[in-house]
Amino acid sequence: MDSIRIIGGRPLEGRIRISGAKNAALPLLAAGLLTDRPLMLGNLPRLADIETMLQLLAGHGVEIDLAENGEAGRTAILRTPTLADDTAPYDIVRKMRASILVLGPLLARWHRARVSLPGGCAIGSRPVDLHIDGLRRMGAEIDLADGYVAARAPDGLIGATIRFPSVSVGATENLLMAATLARGQTVLENAAREPEITDLANCLVAMGARIDGIGSDLLTVDGVEALGAAEHHVLPDRIECATYAAAVAVTGGAVDLAGGRLDLIEATAGVLLDAGVGLEQHGDDLRVWRNGASLKGVDVTTQPYPGFPTDMQAQIMSLMTTAEGAAAITETIFENRFMHVQELRRMGADILVKGSTALVRGVPRLSGAPVMATDLRASVSLVLAGLGAEGETRVNRIYHLDRGYERLEAKLAACGAEIERVPE
Ligand code: EPZ
């Protein structure tokens, strides 16, 4: 298995292009199942998870034409005139839990679906009960057998009012897509408001869906007979953008994040500004800098959007390990998202975990060490730690990284980092 080797201590200077958002591209690709007309998606990132979703859709019978557009990512044209297979198999779903996002579209258009249960993952049990409960309220008959969700809606889905007991990005996306072709009106209350959901809703409207309340926690959908063709460009990846902003905060220097949008990372930007990092939007570029002065510890609690994103928790913890003073970091979304703590401790970090809060006390500098990645964001937090650490850091199991960061080491090396991928 490949690893990444970093020699820490080099400031980052230059320009990094932000790729299309993984967590927008995945539901947008699933939306291709909703129509027999061509759905053209631009600015798709080159990521393992995107490949997995394309493989899953091809198995359902989706016709896919791909084109490369250099820095503008990839373009996919999806056509789904017929359904070849209603099953999302375990060997694909176990690689990527977002496969569950085909459930709503398959049920809405073909009235049947057999989707493997995703199973848990490193950061938590990750159930899909909110997806299932919502679809049942829309008239679907759903059984869980042999590790699969077996769903049927012989007469099609019926609009319903669904109040989510807790905020769920995936459940909101699945039910939003299902509602576009349901008979009558669906109201989603306490819906997630992540920008990726707004991006999906905008694409669905371009396809002919009737959705009100986009961007709010109250989505109203009036079902239509069929959806049509559309062309949509995936919005920039706010987590990738915030990750590189945190990288500059760790190393010092100044980087223009091309395509980065300050308005999508306000909560993270607030923490970075309080810590002593500079951020300014200059047209399409988000400029990030830290000149010399040391960082100050800032307390962080993860929340659903627009609060501080759980997908930035590990990265900000890396940053706080060498900030002045202390930072209390509380994870409220997932039950086991501190897997990076042990690895950061091996690099000399002073972190005390009590329940869902990690108390990070700043130390002058971390020391490079061989460390192991466990999930996507924990992996990148170890890369950030290595960029600032004394000496060599070797991050193993970097297949996690390839799921969510396009050409990470190339983007960082182009800004002066001493980082390379070492094939095993
Ligand atoms: C999405 O996952 C993202 N993935 C995650 O990003 C992100 O961390 C998460 O939203 C929260 O923002 C994609 O968009 C592909 P949830 P999702 O449903 O939809 C519980 C990354 O690093 N829950 O909002 O699975 C769940 O266990 C990934 O890019 C239920 O209990 O997250 C969690 O505790 C990691 N029942 C909480 O809700 C359900 O039916 C939030 O989960 C669904 C979720």
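Please refer to the structure higher up on the page.
Attention in this report is confined to the structure presented alongside it. (Residues numbered from 1 in each chain as written. Predicted model: local features only at pLDDT ≥ 70, side-chain atom pairs only at ≥ 80, totals over all residues. Heavy atoms only, no water.)

1. A look at the side chain of T52
Which entries qualify depends on this criterion: Helical segments are the DSSP runs of H or I of at least four residues, strand segments are the runs of E of at least two, and each set is numbered from the N terminus. Here a residue-residue contact requires only that any non-hydrogen atoms of the pair lie within 4.5 Å.
With respect to the secondary-structure elements, T52 resides in helix α2 (residues 48-60). Aside from chain neighbours lying at most four places away, what touches T52 is I92, K95 and M96.

2. Details of the site of the ligand
Keep this limit in mind: Near, as used in this document, describes a residue that has one of its heavy atoms within 4 Å of the molecule or strand being considered. Under this definition, polar contacts are N or O atom pairs within 3.5 Å; protein pairs additionally need one hydrogen-donor-capable and one acceptor-capable atom, and for neighbouring residues in sequence, both atoms have to be side-chain atoms. The method behind every accessible area is Shrake-Rupley, applied with a 1.4 Å probe, and residues are considered shielded solely by the protein chains displayed. For this classification, the nonpolar set comprises Ala, Val, Leu, Ile, Met, Phe, Trp, Tyr, Cys and Pro, the charged set comprises Asp, Glu, Lys and Arg, and every other residue, Gly included, is treated as polar.
In the region of the ligand, 21 residues are neighbours, and D129, L130, S168, D311 and I333 sit closest. The contact in question runs from an oxygen atom of the ligand to an N or O atom on the side chain of N23, over 3.0 Å. Here an oxygen atom of the ligand and a backbone polar atom of G170 are 2.8 Å apart. Protein contact buries 85% of the 820 Å² of open area that the ligand shows by itself. Among the secondary structure elements, those contributing two or more residues to the shell around the ligand are α1 (22-30), α5 (129-137), α6 (169-179) and α12 (376-388). Of the residues that constitute the shell around the ligand, the class distribution is 10 nonpolar, 5 polar and 6 charged.

3. Digging into the sheet that holds strand β5 (residues 74-79)
In plain terms, the rule: Between any two strands, pairing holds if DSSP finds at least two bridges. Interaxial angle, 0 to 180 degrees, is taken between N-to-C directions of lines fitted to C-alpha atoms, where a helix line uses only the stretch in contact.
The 4 strands lie next to each other as β4-β5-β3-β14, forming an open sheet whose pairing is mixed. The sheet is open, and its two edges are formed by β4 (63-68) and β14 (230-233), each paired on a single side. Neighbour-to-neighbour, the strand axes of the sheet open up by a mean angle of 15°, direction not taken into account. Strand direction decides the pairing type here: β4 and β5, joined by 6 bridges, are antiparallel. If you follow A67 over to β5, its bridge partner there is T75. Against the sheet, helix α7 (residues 195-206) makes contact with β3 (39-44) and β14, and its axis sits at roughly 160° relative to β14, the strand it touches most.

4. Brief notes about unusual backbone geometry
To be explicit about the condition: The rule is simple: take the accessible area with a 1.4 Å probe, protein chains only, and divide by the maximum for that residue type; under 20% is buried, over 50% is exposed, in between is partly exposed.
For the bond from Y305 to P306, the omega torsion is 10°, close enough to zero to count as cis. By the secondary structure assignment, P306 is in the loop between β18 (300-301) and α10 (313-320). If you check the backbone angles, N43 has positive phi at about 65° while not being a glycine. In this model, D146 sits at a positive phi of 55°, which is unusual for a non-glycine residue. Mapped onto the fold, D146 is located in the loop between β8 (141-145) and β9 (148-152). Its relative accessible area of 71% is what places D146 among the exposed residues.

5. A closer look at the sheet that holds strand β7 (residues 112-116)
Strand order in the open sheet made by the 4 strands is β6-β7-β9-β8, with mixed pairing throughout. The open sheet has two free edges, formed respectively by β6 (87-88) and β8, since each of these has just one partner strand. Across 5 bridges, β8 lies against β9 in antiparallel orientation. For A145, the partnering residue across the bridge sits in β9 and is Y148. Across the sheet, helix α4 (residues 103-110) touches β7 and β9, and the angle it forms with β7 is around 165°.

6. Let's talk about the side chain of D222
Within the secondary structure, D222 is located in strand β13 (residues 218-222). Reaching out from D222, the side chain makes a polar contact with the side chain of Q185 at a distance of 2.9 Å. Beyond its immediate sequence surroundings of up to four residues, D222 is in contact with G184, Q185 and R210.

So, to be careful, I would describe these as geometric facts and stop short of saying anything about function.
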